[in-house]
Amino acid sequence: MEIFKPSCFHLLLLLLLLASILISSVLAIDPYSQALLSFKSDIIIDDSSSLSDWIVPSNSNPSQQIIGCSWSGVKCDQNSTTIVGLDLSMKSLGGEISGDLFQLLTSLLDLNLSYNYFSDKFPTGIFNLRNLETLDVSRNNFSGPFPSGISNLHHLVVFDAFSNSFSGPLPAEISRIETLQVLNLAGSYFSGPIPSEFGDFQSLEFIHLAGNYLTGEIPPEMGNLKSLTHMEIGYNSYQGGIPVKLGNMSQLQYLDIAGANLSGPIPTQLSNLTQLESLFLFRNQLTGLIPWGFSNITTLTSLDLSDNQLTGPIPKSFSELKNLRLLSLMYNNLNGTVPNGIAMLPQLETLLIWDNFFSGSLPSTLGSYSNLKWVDVSTNNFIGVIPPGICSRGVLFKLILFSNIFLDSLSPSLSNCSSLVRLRLEDNAFSGDIPLKFSNLPDISYVDLSRNAFSGGIPLDISQASNLQYFNVSDNPQLGGIVPQGIWSLPLLQNFSASSCNLTGFLPPFQSCKDLSVIELSSNHLSGNISASVSNCEFLEKMDLSRNSFTGHLPEVLANLSSLAILDLSHNNFTGSIPSNFANSSALVLLNLSFNNLSGPIPPEKKFSLMGSSAFVGNPELCGPPLENPCSKRPNEIELGIRKTQKFAWVLIVCSVVVVCITVSVVVVLYFRKGSQGNWRMITFSGLPRFTAEDVLKSFYSAEAMETIPPLSASVWKAVLPTGITVSVKKIEVDAKNMKAVVEFVTLLGNMRHKNLVRLLGFCYNKNLAYVLYDNLPNGNLAAKIRMKSDWVAKYRVVIGIARGLCFLHHDFYPVIPHGDLRASNVVFDENMEPQLAEFGFKFLPNWGNRPFLAPDSRIDTGEYDTAIKEEIQMDIYNFGELILEVLTNGRLKNAGGSVHANPMVTLLREICHENDIGPSDPIREDIKVVVEVALLCTRSRPVTRPSMEDVLKLLSGLKTQTMAKGTI
C-alpha cells in the first residue's frame with residue numbers, strides 16, 4: 001500500500017488555509033473588543049464568573065458594530081458603534097492596570113472600577129479620556145503619590161477615589177476642573193495641608209477628605225465654596241481652630257470635622273449656616289461656650305459636639321431646634337441644668353449628655369413630646385426622679401442613668417416600656433420596690449440596678465425575660481426576697497449578680513443554664529444545698545456564694561465544669577470532706593472554702609496547696625497542708641510512729657549538723673560576695689516550698705542551676721531552685737527606708753490569685769536589694785509571638801484574657817493595683833496558651849515607701865485613690881487599647897494609640913478584617929468591629945473619657961467569638 005507523502009504544494013495550500021482562518025477571526029473582532037480582551041488577559045481575576053461572558057461569538061459580526069457591547073459592564077450608544085460606559089465594579093479584579101485600554105475608549109463618559117483589588121500606581125492613561133464625566137476608583141489599593149494630569153478631564157463631574165492607599169500631597173490641580181461637583185479623596189494616606197486652591201472650585205457640591213494624614217491649618221479659602229452642600233474633612237491632624245469663613249458656605253447641609261485635633265472656640269459665624277442639617281465636631285479639643293446662635297439653624301437634625309472641652313450650660317435657645325433628632329454633648333465640662341425646652345423638641349430621638357457636670361432634675365416632660373430612643377445622662381450630678389413620661393412614645397430602647405443622685409422610687413411607666421433593651425440605673429439613691437414587669441419587657445437584655453436602696457425583692461416574673469443576658473442588683477441591702485424560680489432557665493442569661501441584697505430561701509435548681517458564666521450571690525441569707533444540677537452550667541466561670549448559710553456536702557459536679565475559674569463558698573455551713581476531684585479542674589484558679597464545717601484531710605494534690613492556707617482556714621476539723629494543722633495519726637499508728645522517730649533521731653541529728661555546716665559556709669560566701677548589706681530574709685507564698693533565703697541565693701550563684709542566664713546585674717532572669725522548680729527572678733533595688741513598705745506591698749501582690757495573673761511565689765530581700773520570684777511559664781510571651789499568624793478566635797482569647805486580668809487588678813482587688821507596665825513582653829502564656837499578666841505592680845516597688853499606701857477598702861469606683869494611681873490606671877487602659885491593635889494586626893500597629901484615630905473607623909476595620917481573612921459577609925466581622933471600637937475608646941486622648949476596665953470587659957463579653965473561644969480552652 002502506498003503511503004501518501006505531502007508535497008511542497010500541499011504544504012503551501014495548508015498554510016494559506018490556516019492564514020485565511022486566522023485573518024478571518026482577527027477581522028471578526030473589532031479593535032475595541034480586542035482591547036477589552038487584552039485588558040482581561042492582563043489582570044488578575046479572583047472570581048471565575050467575573051467577565052466570563054467576555055468571549056467572541058462564533059457567528060459573524062455585523063459590520064461596524066462592537067462585539068463587546070453585549071458583554072457585562074460594557075455600555076454602548078444606540079448603534080453599538082461607540083463604548084460610552086464601562087462598569088467593572090465588584091468583579092473581584094486585581095493587579096496593575098496598563099494604559100493601553102484607554103487609548104481607544106476616547107468616547108467613554110463613565111468609568112467605574114470600584115470595589116476591586118487593583119493596586120500599584122494609578123493608571124495615568126485614564127487622563128486621556130477627555131470626555132469622561134464620572135470616574136469611580138473607590139475601594140481599591142492604588143498607592144503612591146497621585147499623578148498629575150487629572151485637570152485634563154475638563155468634563156469630569158464626579159471623582160470618587162475613597163479608600164485607597166494614595167500618599168503625598170492632595171492634587172491641587174483638580175480644583176481647575178470647573179465642572180467637578182463631587183470629590184472624594186477620603187480614606188488614604190494623603191499628607192500635608194489642604195491646598196488653598198481647594199477654595200477655587202466653581203461647581204463643587206460634595207467634598208470628602210476625612211481619614212488621611214492631613215496637617216496644617218484648614219485654609220479659610222474653603223469658605224468660598226458657595227455651592228458646597230457636604231463637607232467631610234475630619235479624622236486628620238490639623239493645627240489651629242475652625243476658620244471663621246466657613247460660616248460663608250450658605251448652601252452647606254452637612255459639616256463633619258470630627259477627630260481633627262481642632263482647638264479654640266466654636267466660631268459663632270457657624271450660626272450663619274442656616275441650611276445645615278448635620279454638624280459633627282466631636283473628638284477635638286474645642287473650648288469655650290456652645291454658641292447660642294445655633295438656634296438659628298432650624299434645619300439642624302444632628303448635633304454632635306461630644307469629647308471636647310466645652311464649658312457652660314446647654315443654651316436655652318436650643319428649644320428652637322424643632323427638627324433636632326440627635327443631641328450629643330457627652331465627654332465635656334458642661335454644667336447647669338437641662339433646659340425644659342429640650343423636652344419639647346418634637347423630633348428628638350437621641351440625647352447623650354453623659355460625663356459632664358450637669359445638676360438639678362431632668363425636665364419632667366422629657367419623653368412626653370418626642371420619640372426618644374436613646375437617653376444617656378450618666379456620670380453627672382442629677383437629682384430627683386426619672387421623668388414619668390420618658391417612654392410614653394413606646395420607642396425608648398436605651399435608658400442609661402448610672403452614677404447620679406436620682407432619688408425615690410422608679411416610675412411604674414417603665415414597666416410598660418416594651419421597647420426597652422438596656423437599662424442602667426446603678427450607683428444612685430433609688431428606693432422602694434422594683435416596678436419592672438419583665439413580662440412586658442420582651443426585648444430587655446441588660447439590667448443593672450446595683451448600688452441603690454431598693455426593697456421588695458427581685459420581681460418574680462424575671463424568668464419571662466427571654467432575652468435577658470445581664471442582671472445586676474447587688475448592693476441593695478434592703479432588697480430582701482428570694483432568688484426567683486426559673487431564673488437559671490433564661491436561654492441567654494450570662495451574668496446574675498445579687499450580692500448583699502438580704503436574700504433568703506434556697507437556690508432554685510439549675511435546669512438549663514447553658515450560657516450562664518457568672519453567679520454572684522455573696523453576703524445574703526441563703527440556705528440549703530447546692531443542687532447537683534449545677535453541672536448543666538457548662539460555661540460557668542465564676543460562682544460566689546460566700547457569706548450565706550448553705551449546708552450539705554460540697555457538690556463534686558462543680559469540679560467537672562471545665563470553665564469554672566473562681567469558686568468562693570467561704571463563710572457557710574458546708575460539711576464533709578473536700579472532693580479530691582477538684583484537683584482535676586483545669587480552669588480553677590481561685591478556690592475559697594474558708595470558715596465552714598469541713599473536716600478531714602485536705603487532698604494532697606498540688607492545686608490545693610497552691611491556693612494558700614487562707615482558702616481553708618476556719619474549718620476546725622480540716623487538716624493537712626497548706627494549713628499548719630497536721631492530720632493526727634490513728635491510735636494504732638502512734639506506737640509505730642514513736643519507734644520510727646527514735647530510730648531516725650540520730651540520723652536526723654547528724655544530718656542537721658551537716659546542714660548547719662553547709663549553711664554557715666554558704667552564708668559566709670554570700671556575705672563576702674554581697675557585702676554587708678544586712679541579713680537576707682525570705683517570704684514564700686502559696687506554690688513555693690518554704691525555702692530559706694540562703695537556698696534561694698545559692699541557686700542564683702550556681703552555674704548548674706541557671707539556664708544560660710545573664711549576670712546578676714540584669715533585671716530579670718531564670719533560676720532553678722533546689723527542688724528543681726524553675727522560676728523567673730526580678731531584681732529590684734530599694735532605699736533602705738522604703739523596704740518595710742515594699743515588703744508589705746509585695747506581700748499583698750503575693751496573695752493575689754487570678755487565672756490571668758502570673759503567680760508571685762516568693763520575695764527574698766535585705767536592707768536595699770530584693771529579688772521577686774514568680775512563675776516561669778513555658779510558652780513564652782506575646783512580644784515573641786505577635787507576628788505569628790493566628791486565627792481570630794486565638795486573638796480574641798488573648799484580648800479577653802488580658803482584659804480579665806486588668807479588670808481584676810482595677811476592680812476586684814482591694815486596694816486598687818495598676819499594672820504600671822502593660823506591654824506585649826509582659827503578657828506570657830501558660831501550658832494551655834492562656835494569657836497571664838506578668839510584673840503587675842512591679843513598677844512601683846523601688847519608690848513605694850515614698851508615697852502613702854492606699855486604704856485597704858479603697859475602690860476605683862468611689863474615687864478613693866490618689867491622683868497618681870488614677871493616672872496609672874488610665875495609662876493601663878490606654879496601653880490595653882494599643883495592645884488590642886497590636887494583636888489584631890500581628891504587630892503592624894504597634895504603639896499606634898495616638899495615630900490610629902486619624903483614619904475613619906471604617907478604614908481601620910476594613911484593614912483589620914483583610915489581615916485576618918474575614919470577608920464582608922462573615923458574621924465574626926461584627927465581633928471584630930466591637931473589639932476595634934473598644935481599642936479606640938481605650939486610646940482616647942483625654943484620660944477621663946476612656947472606659948473603665950469593668951466596662952471594657954462587659955463590652956468584650958457576650959460576643960459570638962466568646963462561645964467559640966470557650967471551646968478552645
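Nothing here was measured: the structure is a model prediction, and the numbers come from that model. (Residues numbered from 1 in each chain as written. Predicted model: local features only at pLDDT ≥ 70, side-chain atom pairs only at ≥ 80, totals over all residues. Heavy atoms only, no water.)

1. Details of the pattern of salt bridges
Here is step 1: Tallying each qualifying case throughout the model produces 16 salt bridges.
Here is step 2: A salt bridge links Asp821 to Arg823, with the nearest nitrogen and oxygen atoms 2.9 Å apart.
Here is step 3: Among the salt bridges present, the one from Glu872 reaches Lys843, with a minimum N-O distance of 3.0 Å. Of this pair, Glu872 sits in helix α10 (residues 867–888) while Lys843 sits in the loop between β52 (835–837) and α10, and the two are 29 residues apart along the sequence.
Here is step 4: For Glu872, a relative accessible area of 17% corresponds to the buried category.
Here is step 5: Classification of Lys843 as partly exposed rests on a relative accessible area of 45%.
Here is step 6: If you follow the salt bridges from partner to partner, you end up with Arg325, Glu349 and Lys373 in one network. (Salt bridge = Lys/Arg side-chain N within 4 Å of Asp/Glu carboxyl O. Helix = DSSP H or I, 4+ residues; strand = E, 2+ residues; numbered from the N terminus. Buried < 20%, exposed > 50% of the residue type's maximum accessible area, 1.4 Å probe, protein only.)

2. Regarding the sheet that holds strand β10 (residues 165–168)
Here is step 1: Reading across the sheet, the 7 strands line up as β1-β4-β6-β8-β10-β12-β14 and stay open at both edges, with mixed pairing between neighbours. Two strands close off the open sheet at either side, each with one partner strand: β1 (44–45) and β14 (213–214). (Pairing = 2+ DSSP bridges.)

3. Quick look at the state of the cysteines
Here is step 1: For the structure on display, the rule yields 4 disulfides.
Here is step 2: Two residues share a disulfide in this structure: Cys391 and Cys417, whose sulfurs sit 2.0 Å from each other. Across the S-S bond linking Cys391 and Cys417, the dihedral sits near 80 degrees, which makes this disulfide right-handed. With Cys391 in the loop between β27 (381–384) and β28 (398–400) and Cys417 in the loop between β29 (405–408) and β30 (422–424), this pair connects stretches of sequence that are 26 residues apart. (Disulfide = S-S within 2.5 Å.)

4. Side note on the confidence of the model for the chain
Here is step 1: With 86% of its residues at a pLDDT of 70 or more, the chain has an overall mean of 84.
Here is step 2: Taken together, the stretch residues 8–27 has pLDDT below 50 and engages in 1 contact with residues farther than four places along the chain or on a different chain.
Here is step 3: The low-confidence segment residues 702–714, where pLDDT is below 50, has 21 contacts with residues more than four positions distant or belonging to other chains. (pLDDT = per-residue confidence, 0-100. Contact = heavy atoms within 4.5 Å.)

5. A look at helix α13 (residues 949–956)
Here is step 1: The complete set of buried residues in α13 reads Met949, Val952, Leu953 and Leu956. Each buried residue of α13 lies within a common arc of 95 degrees when the element is viewed along its axis, so the set occupies one face. (Arc of directions from axis to C-beta.)

6. Some words on the sheet that holds strand β42 (residues 575–576)
Here is step 1: Taken in spatial order, the 3 strands of this open sheet run β42-β44-β45, and their pairing is parallel. Across the chains shown, the open sheet's two edge strands, defined by having one partner strand only, are β42 and β45 (621–623).
Here is step 2: In the sheet, strand β44 (residues 597–601) pairs with β45 via 3 bridges, with the strands oriented parallel. Each residue of the ladder has a partner; that of Ser599, found in β45, is Glu621.

7. What about the packing of helix α9 (residues 792–812) against α13?
Helix-helix packing is described using two parameters, namely the angle between the two axes and the distance between the axes.
Here is step 1: Where α9 contacts α13, the axes come no closer than 8 Å and their chain directions differ by 150 degrees. By the angle class used here, α9 and α13 are roughly antiparallel. Read as a crossing pair, α9 and α13 show a hand that is left-handed. On α13, the residues touching Tyr796, Val799, Ile800, Ala803, Arg804, Leu806, Cys807, His810 and His811 of α9 are Met949, Glu950, Leu953 and Leu956.
Here is step 2: By residue class, the composition of the contact of α9 with α13 is 9 nonpolar, 2 polar and 2 charged. (Axes fitted to C-alpha atoms, helices over the stretch in contact; angles between N-to-C directions. Parallel < 35°, antiparallel > 145°, perpendicular 65-115°, else oblique. Left-handed = near helix turned anticlockwise from the far one by under 90°. Nonpolar A, V, L, I, M, F, W, Y, C, P; charged D, E, K, R; others polar.)

8. Quick notes on the nonpolar core
Here is step 1: Residues Phe159, Trp488 and Leu521 are the most contacted members of the largest nonpolar core, which totals 178 residues.
Here is step 2: Of all the secondary structure elements, the ones that give two or more residues to this core are α2 (31–42), β2 (74–76), β3 (83–87) and α3 (101–104).
Here is step 3: Looking at which element gives the most residues to this core, the answer is α2, with 4 residues.
Here is step 4: With 76 residues, the next largest nonpolar core counts Ile786, Tyr796, Val900 and Leu908 among its residues. (Core = buried A, V, L, I, M, F, W, Y, C linked by side-chain atoms within 4.5 Å.)

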